[in-house]
Amino acid sequence: MATKIQITEDIRRQYGNAISQNQAKAYLGMGNTQAAAFLADVPFMRSGRKKRYLAIDLARKIAYQQQTVS
């Protein structure tokens, strides 16, 4: 199981610090509906019409999900 720091570094290496919803969807390997549901409670910034997520916020959600699944 990867730590939040390892997940954050992986996201930043692949996409940078702020990633779009489509990049998050690709990273998570989910479809549109499933990714939207997963990202619903992750804080985001607006960049025009796009939502941008910070790598640390996405990593926090992924790490939390890993802990609750076990």
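Above: the structure in question.
Small disclaimer: the values here were computed from a predicted structure and weren't measured.

## Description of the sheet that holds strand 1 (residues 18–20)
A sheet is described by the order of its strands in space; here 3 strands give the open sequence 1-3-2, paired in antiparallel fashion. The strands lining the two open edges of the sheet, one partner per strand, are strand 1 and strand 2 (45–47). Taking each pair of neighbouring strands and ignoring which way they run, the sheet shows an average axis angle of 40 degrees. Sheet topology places strand 1 next to strand 3 (residues 50–54); 3 bridges connect them, and they run antiparallel. Bridge pairing in strand 3 places Ser20 opposite Arg52. Helix-sheet contacts for helix 2 (residues 21–28) involve strand 1 and strand 3, and the interaxial angle to strand 1 is about 90 degrees.

The rules behind the values
- Residues numbered from 1 in each chain as written.
- Predicted model: local features only at pLDDT ≥ 70, side-chain atom pairs only at ≥ 80, totals over all residues.
- Heavy atoms only, no water.
- Pairing = 2+ DSSP bridges.
- Helix = DSSP H or I, 4+ residues; strand = E, 2+ residues; numbered from the N terminus.
- Axes fitted to C-alpha atoms, helices over the stretch in contact; angles between N-to-C directions.
- Contact = heavy atoms within 4.5 Å.

In short, shape yes, function no, at least from these values alone.
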